[in-house]
Amino acid sequence: MRTAIVGAVLLLLGAVAVLTGLLPGADALALWDRVWPILLFVVAVTVVTELAAEAGVFTVVAQQTARWGRGRAWLLWLLVAVVATLSTIFLSLDTTAVLLTPVVIVLARHSGLDPLPFALTTVWIANTGSLLLPVSNLTNLLAQHAMGNPTPFAFAALMWAPALVAIVVPLVVVFLISRRQLLVRYETGPEDGIEDPALFWIAAAVVVALMPLLVSGIPVWMPASGAAVVLLAVFAVRRRSVLRFGLLPWQLVLLASGLFLFIEALHANGLGTLLARVSGSGESPLALLRLSLTGLVGANAIDNLPAYLALEPAAGSPVRLAALLIGVNAGPLITPWASLATLLWHQRLTSFDVRIRWGRYMLLGLIVAPVTVVLATLALAAAA
């Protein structure tokens, strides 16, 4: 509810800016034309993943992963990291935070293992693993537009090196700090059956078909919306009780809309000029590091989405936009509010009675975030 309140306040401030002329109406309309496909995609893909979870798709993935682990905790953890990475890349970081977090907690407990290494892996990969494709993160979709709408493959060609580094570094850190919990053996408990096999197979087929469509070059809101409509229709026939307003991520949409409008108003009144001085210019390794580290600081100070929006005009070229994405995607691992995915992740942990002290989380983030951002930025500079 706090998310909704903040979003409503930001929308109100943005509306006041438009009415008073601080934000020209033409600029507000241009902003809306840019962001509505992104917001529609967020809504559609959230509905798809929520309904797929209701159908048991993610539970079956977790159970199969436990079998593939062959009783070795380190192998099970590595498989969870792979699933988290694929979920983040193809279905977005919020999907990983919201839907995969409870799955890995249940999986760890099902296997008699400490859930914390698995939960920490999930939230770190949800953030750092969101660099490769436009659909992986809302900031990527914004950057794709600013880059001139390259195809998903062209976007990935620019981002593959930093994306790989940003995934590997946090995993190495998790293994080092959790090696005692991971270098053990486990036994799996009894598996949960599929309540409605027909519903499961339809939902699984929709998710599998959606993934290649999201990287096909078609505007991502189209296949995501089509998949959402199919699953809504199927659930309306086979399990109508699941269909509720809560399926829609209305709080996230409200917050994102408010942030878009509010930051655009600040840019219209001099914010961009100030940030251009802070973030520098050029595409040398040091210039790219300056921009990515500015993004890291901004994300942990005010959240990664407004940090990206504030710094985007100062980025300019595709390579500098990529450096900015490294900072705001792989950098928000320190403060709880640095990304919405982190807050959603913690909410799910609390609902499953898994506790992690924010002090410890921030201390670990202070170690891994700067190292990840610096090494990923250097990888970008080398590849570019």
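Residues numbered from 1 in each chain as written. Predicted model: local features only at pLDDT ≥ 70, side-chain atom pairs only at ≥ 80, totals over all residues. Heavy atoms only, no water.

**Things to note about the pattern of salt bridges**
Turning to step 1, where the next piece is worked out: Tallied over the full model, the rule gives two salt bridges.
Turning to step 2, where the next piece is worked out: A salt bridge links Glu195 to Arg239; its shortest N-O distance comes to 4.0 Å. Within this pair, whereas Glu195 is found in the loop between helix 9 (179-182) and helix 10 (197-214), its partner Arg239 is found in the loop between helix 11 (221-238) and helix 12 (250-267), the two being separated by 44 residues in sequence.
Turning to step 3, where the next piece is worked out: Judged by relative accessible area, which is 15%, Arg239 ranks as buried.
Turning to step 4, where the next piece is worked out: As a salt-bridge pair, Arg238 and Asp196 come within 3.0 Å of each other at their nearest N and O atoms. Within this pair, whereas Arg238 is found in helix 11, its partner Asp196 is found in the loop between helix 9 and helix 10, the two being separated by 42 residues in sequence.
Turning to step 5, where the next piece is worked out: By relative accessible area, which is 46% here, Arg238 ends up partly exposed. (Salt bridge = Lys/Arg side-chain N within 4 Å of Asp/Glu carboxyl O. Helix = DSSP H or I, 4+ residues; strand = E, 2+ residues; numbered from the N terminus. Buried < 20%, exposed > 50% of the residue type's maximum accessible area, 1.4 Å probe, protein only.)

**A few points about the environment of Gly25**
Turning to step 1, where the next piece is worked out: Secondary-structure assignment places Gly25 in helix 2 (residues 25-54).
Turning to step 2, where the next piece is worked out: Judged by its relative accessible area of 37%, Gly25 is partly exposed.
Turning to step 3, where the next piece is worked out: The spacing of Gly25 and Ala15 is ten residues in sequence and 10.0 Å in space, taken between C-alpha atoms.

**Description of helix 18 (residues 358-383)**
Turning to step 1, where the next piece is worked out: With 26 residues, helix 18 extends 36 Å from end C-alpha to end C-alpha; this agrees with the ideal 38 Å at 1.5 Å per step.
Turning to step 2, where the next piece is worked out: Taken as a whole, helix 18 carries its principal kink of about 30 degrees at Gly365.
Turning to step 3, where the next piece is worked out: Taken residue by residue, helix 18 has Tyr361, Leu364, Gly365, Val368, Ala369, Thr372, Val373, Ala376, Thr377, Ala379 and Leu380 as its buried positions. (Expected span 1.5 Å × (residues − 1). Bend = angle between axes of the 7 residues up to and from the residue.)

**Some words on the packing of aromatic side chains**
Turning to step 1, where the next piece is worked out: Across all of its chains, the model carries six aromatic pairs by this definition.
Turning to step 2, where the next piece is worked out: Centroid distance Trp345 to Tyr361: 5.7 Å. Interplanar angle 35 degrees. Geometry classified as tilted. Taken together, the residues span a long stretch of sequence, with Trp345 in helix 17 (residues 340-351) and Tyr361 in helix 18 at a distance of 16 residues.
Turning to step 3, where the next piece is worked out: For Tyr361, a relative accessible area of 1% corresponds to the buried category.
Turning to step 4, where the next piece is worked out: An aromatic cluster of at least three residues, connected via ring pairs, comprises Trp345, Trp358 and Tyr361. (Phe/Tyr/Trp six-rings, centres within 6.5 Å; stacked < 30°, edge-to-face > 60°.)

**Focus on the nonpolar core**
Turning to step 1, where the next piece is worked out: Residues Phe41, Phe118, Trp124, Phe260 and Tyr308 are the most contacted members of the largest nonpolar core, which totals 131 residues.
Turning to step 2, where the next piece is worked out: For this core, the element with the most residues is helix 2, which contributes 13 residues.
Turning to step 3, where the next piece is worked out: Residues contacting Phe118, with those up to four places away along its chain left out, are Ala73, Leu76, Trp77, Val80, Val104, Ala108, Leu113 and Leu182. (Core = buried A, V, L, I, M, F, W, Y, C linked by side-chain atoms within 4.5 Å. Contact = heavy atoms within 4.5 Å.)

**Some remarks on the environment of Thr95**
Turning to step 1, where the next piece is worked out: With respect to the helices and strands, Thr95 occurs in helix 5 (residues 93-110).
Turning to step 2, where the next piece is worked out: Separated by 70 residues in sequence, Thr95 and Gly25 place their C-alpha atoms 34 Å apart.

**With respect to the side chain of Thr96**
Turning to step 1, where the next piece is worked out: Its location among the elements puts Thr96 in helix 5.
Turning to step 2, where the next piece is worked out: On the basis of relative accessibility, which here comes to 0%, the residue Thr96 falls in the buried class.
Turning to step 3, where the next piece is worked out: A distance of 2.8 Å separates a polar atom in the side chain of Thr96 from a polar atom in the side chain of Thr88.
Turning to step 4, where the next piece is worked out: Not counting the four nearest positions on each side in its chain, Thr96 is found in contact with Ala84, Ser87, Thr88, Thr101, Thr122 and Ala126. (Polar contact = N/O pair within 3.5 Å; in protein donor to acceptor, adjacent residues only side chain to side chain.)

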